[in-house]
Amino acid sequence: MLNRLHMLVREVAQTEVMPRFLDVGISRKADGSLLTEADLAAQAAFAAKLPAIIDCPMLGEEMTAQRQTELWRHNGQGLWVVDPIDGTNNFINGLPHFALSCAFIRNGRPQMGVIYNPVSDECFYAERGGGAFLNGRPLPLRNVQKQLHEAIAGVEIKYLRSGKLSSRMNTLAPFGSIRSMGSSTLDWCYLASGRYDIYVHGGQKLWDYAAGALIFEEAGGKLATLEGDDFWSGEHVFKRSVIAGLQDELFTKWLKWIRENQ
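All of the points below concern the structure found in this document.

Scoring rules and cut-offs
- Residues numbered from 1 in each chain as written.
- Predicted model: local features only at pLDDT ≥ 70, side-chain atom pairs only at ≥ 80, totals over all residues.
- Heavy atoms only, no water.
- Helix = DSSP H or I, 4+ residues; strand = E, 2+ residues; numbered from the N terminus.
- Contact = heavy atoms within 4.5 Å.
- Buried < 20%, exposed > 50% of the residue type's maximum accessible area, 1.4 Å probe, protein only.
- Pairing = 2+ DSSP bridges.
- Core = buried A, V, L, I, M, F, W, Y, C linked by side-chain atoms within 4.5 Å.
- 1 Å grid on protein atoms, 1.4 Å probe; cavity = no way out; pocket = protein on both sides within 12 Å on 5 of 7 lines; lining within 4 Å.
- Points joined across faces, edges and corners; volume = space filled by probe spheres on them.
- Nonpolar A, V, L, I, M, F, W, Y, C, P; charged D, E, K, R; others polar.
- Phe/Tyr/Trp six-rings, centres within 6.5 Å; stacked < 30°, edge-to-face > 60°.
- Lys NZ or Arg CZ within 6 Å of the ring centre and 35° of its normal.

As for the environment of Leu-5
Point 1. Inspection of the secondary structure assignment puts Leu-5 in helix 1 (residues 2–17).
Point 2. Along the chain, Leu-5 and Cys-102 lie 97 residues apart, while their C-alpha atoms are 8.3 Å from each other.
Point 3. Setting aside chain neighbours within four positions, we find Leu-5 in contact with Leu-50, Ile-53, Trp-80, Cys-102, Met-112 and Val-114.

Some points on the pairing of strand 12 (residues 198–204)
Point 1. A large share of strand 12 lies buried, amounting to 7 of its 7 residues.
Point 2. Pairing between strand 10 (residues 152–156) and strand 12: 4 bridges, direction parallel. Within strand 12, the position partnered with Glu-156 by the bridge is His-201.
Point 3. Here 5 bridges tie strand 12 to strand 14 (residues 240–245), and the two strands are oriented antiparallel to one another. When the sheet's bridge partners are listed, His-201 is paired in strand 14 with Val-242.

Description of the nonpolar core
Point 1. Within the largest apolar cluster, 39 residues are counted, with the highest numbers of intra-cluster contacts made by Trp-188, Leu-206 and Ile-215.
Point 2. Looking at this core, the elements that each hand over two or more residues are helix 3 (65–74), strand 4 (79–86), strand 5 (99–106), strand 7 (122–127), strand 8 (132–134), helix 6 (184–193), helix 7 (206–218) and strand 14.
Point 3. In terms of residues, this core owes the most to one element, helix 7, which gives 9 residues.
Point 4. Excluding anything up to four places from it in sequence, Leu-206 contacts Leu-59, Trp-72, Val-81, Ile-105, Val-237 and Phe-238.
Point 5. Counting residues in each nonpolar core, the second largest holds 31 residues, with Val-17, Ala-42, Leu-100 and Tyr-116 among its members.

Some remarks on the layout of surface pockets
Point 1. In this structure, the largest pocket spans a volume of roughly 970 Å³.
Point 2. Every residue lining the largest pocket is counted, 30 residues in all, and those nearest its centre are Ser-33, Glu-61, Tyr-159, Lys-205 and Asp-208.
Point 3. Going through the elements one at a time, helix 3, strand 4, helix 4 (88–92), strand 12 and helix 7 are the ones with two or more residues in the lining of the largest pocket.
Point 4. Among the residues making up the lining of the largest pocket, the classes are represented as 7 nonpolar, 12 polar and 11 charged.

A look at the packing of aromatic side chains
Point 1. A full pass over the atoms with the stated rule returns 15 aromatic pairs.
Point 2. Centroid distance Phe-175 to Trp-254: 5.8 Å. Interplanar angle 70°. Geometry classified as edge-to-face. Here Phe-175, found in the loop between helix 5 (163–171) and strand 11 (177–179), pairs with Trp-254, found in helix 8 (residues 248–261); they are 79 residues apart in sequence, far enough to count as distant. Like Trp-254, Phe-175 is buried.
Point 3. Cluster of aromatic residues (ring-pair linked, three or more members): Trp-188, Tyr-199, Tyr-209, Phe-216, Phe-231 and Trp-232.
Point 4. It is Arg-240 that lies over the ring of Phe-231; its NZ or CZ is 5.5 Å from the centre.

Here's what the structure looks like:
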């Protein structure tokens with residue numbers, strides 16, 4: 001099934017997303033965020049074709065919040081979660097850093113996930129208990145032992161709710177350098193592959209982490225939230241914070257620093 005899923009994600013990217021890259025109609029959602037014809041076309045294609053892999057409902061980013069909540073509450077035994085284009089602002093502005101993300105979730109936990117960047121032709125995927133891969137290569141691609149002051153950190157400053165933490169992230173950060181590239185799903189993949197070493201995000205949506213957190217865990221990464229040590233616990237399904245690190249020791253030091261500076 002995993003092979004069928006990443007073939008489908010590639011197909012949707014090739015038929016619905018890339019033909020519209022650099023030439024796409026744009027509108028705004030009720031919350032003011034941008035929406036493109038490519039988002040809607042890709043989501044519709046997933047809705048039509050995912051049941052042939054596993055016949056269960058699909059929750060997509062471009063649905064209403066009410067519909068998303070209903071789907072989550074009533075489909076614990078099987079639910080597809082799709083982000084048709086993560087990094088829509090990048091896509092609109094011609095920045096080649098965006099991805100399609102699709103995960104199958106059962107009992108609140110992702111069982112299978114695929115994230116695909118069609119510009120770089122990088123397909124990241126995992127199945128629970130089966131490891132994580134990039135175009136057939138096991139993840140992580142590299143796992144260089146580092147001290148915290150040498151680490152490359154993925155940080156989304158604007159989503160950190162604590163003013164103290166965001167201020168200290170800018171002035172007293174313990175890591176080597178910072179990255180913020182506009183696609184949460186690809187952030188997970190860069191963590192899983194060893195391109196990033198550590199990560200923090202103040203509040204990702206379900207479709208941002210559904211596939212990515214699984215890929216990262218299957219690559220051996222450690223993760224928690226700003227509120228607690230168990231990433232998957234709690235009721236905040238539709239907006240969940242992240243603290244993550246690929247190496248155990250690095251993650252422990254990073255988690256300690258964040259907890260002391262919140």
